[in-house]
Structures are given as C-alpha cells and as structure tokens.
Amino acid sequence: MATIDGLPPLREVIKAHDLVAKKQLGQNFLLDLNLTAKIARQAGDLSTCDVLEVGPGPGGLTRGLLVEGARRVLAIEKDPRCMAPLAEIAAAYPGRLQVINADALEVDVMAHLTPPVRVVANLPYNVGTELLIRWLTPQVWPPFWQSLTLMFQKEVAERIVAKPRGDHYGRLALLAQWRCDAKIVMHLPPEAFTPAPKVHSAVVHLTRLAEPRFPADETLLQRLTAMGFNQRRKMLRSSLKAMGPKIEAQLVEAGIEPTARAEEISLEKFCALSRIVARG
Ligand code: SAM
C-alpha cells in the first residue's frame, strides 16, 4: 500500500525491525501517517524552523513532520532498537533528520538546534510532564522554543489548559498559562495507538508569550501556588499561613478573599499576590 512519503508503511517497519512495544518506555506508536501529518500541521509553519522531537520511536510523527516541510528535525530517542528504522528515514531526507540515541532529559538540545525552534512530540508518559515543566521554567525567558505541540494523556492536557473553579485547575495550568497561550487542538481515542493505551489522549499547542501575561515574582508565584494547591480544599488564609503574619492583609490587598480556596483564584490574582508578598 502506498504511503504519503513513499517509504514503507509503519506496520511493515515495526515488523521488519521486530519493534515489540516496551511499556516501561511508554511506547504507544502512531502508525497512521495521515494522522501524524495532521498533528505536525497543528505546530504551524515548520518550513522555517528546526523541530525538536522527543521519542520518535519507529518514526511515524517524524515522517509527518518531514512531509509537512520541517526545515530540520532533531529526534532524541532512548530505545536503540529504533535507530535502524530512523536511519532509513534520515536517508530518504538528506540533511533534514538528525537522530540522537539518548535520554532526552540528558541532552543539551541547543548544541544541535538552530533557532527558531518548535517542539513537537508524542511524549513518553513517564517523562512527559517533567519535560514540559523544564521547557516552561527556563532560566531566562523567552525560552529556546517558539511553540510546543505535545501529545499527553487527556487528563494531563486538561490540567494544562484548565481555568479557575474547574476540577483540573492547579499549578500546571498556572505555570503554562503565565507565559504561554495554551489550547487543546486534537483529541485522540486509544485506538489511534498501537498498542492501544487505557486512556484517551489529546494534543496541546502552547505558544510562548514574549513577556509573562502578568508581572510576578517567579519564585514566590511558584511557592504560593505550591502551598495553595497542596491543600486545595483549605482556605488560603490557612494554607498560606507559613508565608507570615501579614498574609491575610496581603490576600485582601490582592483582591482575594482570605476564605477563598486556591482553585477559585485566577492567574492574575496569584501574580498580584506574589508582587505584594515580594514587596514585604
Ligand atoms: N513518536 C512515536 C509515535 O508517535 O509513534 C513514539 C511515541 S511513544 C508514546 C514515546 C517514545 O519515547 C518511545 O519511542 C520511547 O522509546 C521514547 N522514550 C521514552 N523515554 C524516553 C526518554 N527519556 N528520552 C527519549 N525518548 C524516550
């Protein structure tokens, strides 16, 4: 059967290289190249960008990115068994695909990328959130990437885009939305993957803002949201008590009822509170 890029179908690739999926590596592969090309399109114009892909596996999404015109793809894959099928793709796209066989948590990606950079990945569930938090909390802003287009379990995707008072609202929403626009751009059922996972998945697209949405003291913002959401059912005057004797007055000054709970408070108000607490 013909594929969109003339390379062999992924089912054949997996069979030829005996790539039995490993659960401990979070291997749930996308085999439909029309679907992976559609995911690649959610990332915007790739023709002027380098793309960082974490966990290419047998290369379904990698091929989607290349078909959609990515200038260059840097793909970091931990599983050595995937190197041979990925080398076949690299040979079909001379100079456009570099593959590194390593743990993505340990690679200095900027040593291999030329800006502008977009990150597109069907992330392994075991390191997905850790990578997202790293990408959202660089030492300097703006970060090395323009956008992140990432597949997550649906529940994690909902936590990233959540708004106050919803069940999923918490630290991840605040962290993501402070310096990015974040939206869910695709939903995928378990059957889209091989093997099918137990849960539904969704693709989140995050675009970096040039400046944080509201000024805030980053360290204090992290601390206040950690304390507030670690005890999310408690009133803020008690969950934030360790911030000092002035916290109740500081909450009022930020326009927050001291009896409110963290899950009711907008990003704007958390940022205002961080500035007031920083002032002392
Ligand atoms: N991109 C492929 C696709 O969409 O079909 C595979 C996605 S699969 C959900 C996740 C991939 O990440 C697997 O190929 C797995 O081997 C790889 N992986 C797991 N942990 C990794 C890590 N720490 N660094 C790099 N790759 C990793």
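Residues numbered from 1 in each chain as written. Predicted model: local features only at pLDDT ≥ 70, side-chain atom pairs only at ≥ 80, totals over all residues. Heavy atoms only, no water.

*Asks:* Mind laying out the packing of helix α2 (residues 33–41) against helix α3 (residues 60–67), listing which residues take part and the relevant values?
*Replies:* Contact geometry for α2 and α3: axes closest at 8 Å, N-to-C directions at 60°. Viewed along their axes, α2 and α3 adopt a mutual orientation that is oblique. Read as a crossing pair, α2 and α3 show a hand that is right-handed. Residues L33, T36, A37, I39 and A40 of α2 pack against G60, L61, R63, G64 and L65 of α3. Within the contact of α2 with α3, the residues separate by chemical class into six nonpolar, three polar and one charged. (Axes fitted to C-alpha atoms, helices over the stretch in contact; angles between N-to-C directions. Helix = DSSP H or I, 4+ residues; strand = E, 2+ residues; numbered from the N terminus. Parallel < 35°, antiparallel > 145°, perpendicular 65-115°, else oblique. Left-handed = near helix turned anticlockwise from the far one by under 90°. Contact = heavy atoms within 4.5 Å. Nonpolar A, V, L, I, M, F, W, Y, C, P; charged D, E, K, R; others polar.)

*Asks:* I'd love a proper account of helix α7 (residues 171–179), names of residues and values included.
*Replies:* With eight of nine residues buried, α7 is to be regarded as a mostly interior element. Listed as buried for α7 are L172, A173, L174, L175, A176, Q177, W178 and R179. Buried positions along α7 lie against α5 (125–136), α6 (154–161), β7 (180–188), β9 (201–208), α8 (218–230) and α11 (267–279). (Buried < 20%, exposed > 50% of the residue type's maximum accessible area, 1.4 Å probe, protein only.)

*Asks:* Report on the site of the ligand, specifying residues and quantitative values.
*Replies:* Near the ligand you find 20 residues, and of these Q27, L30, G55, E77 and N122 are the closest. Between a nitrogen atom of the ligand and a side-chain N or O atom of E53, the distance comes to 3.5 Å. Contacts to the ligand include P56, whose backbone N or O atom sits 3.4 Å from a nitrogen atom. Elements with a contribution of two residues or more to the shell around the ligand: β1 (29–30) and β3 (72–77). (Near = heavy atom within 4 Å. Polar contact = N/O pair within 3.5 Å; in protein donor to acceptor, adjacent residues only side chain to side chain.)

*Asks:* Go over the domain arrangement of the protein chain, please, and point to the residues and values.
*Replies:* Entries for the protein chain in the domain assignment read domain 1 (10–208) and domain 2 (218–279). Centre-to-centre separation of domain 1 and domain 2, based on C-alpha positions: 34 Å. Of the residues lining the interface, 13 residues belong to domain 1; the matching set on domain 2 comes to 15 residues. Interface of domain 1 and domain 2: buried area, both sides summed, is about 1200 Å²; carbon and sulfur atoms make up 60% of it. Together, R171, L174 and W178 form the three largest contributors to the area buried by domain 1 at its contact with domain 2, with a combined 48%. Taken together, domain 1 and domain 2 are joined by two salt bridges. E264 is paired through a salt bridge with R165; the nearest N and O atoms lie 3.9 Å apart. Where domain 1 packs against domain 2, one counts four residue pairs in polar contact (both at pLDDT 80 or more). The class makeup of the residues in the side of domain 1 that touches domain 2 is five nonpolar, four polar and four charged. (Domains from an automatic or database assignment. Buried area = accessible area lost by both parts, 1.4 Å probe. Salt bridge = Lys/Arg side-chain N within 4 Å of Asp/Glu carboxyl O.)

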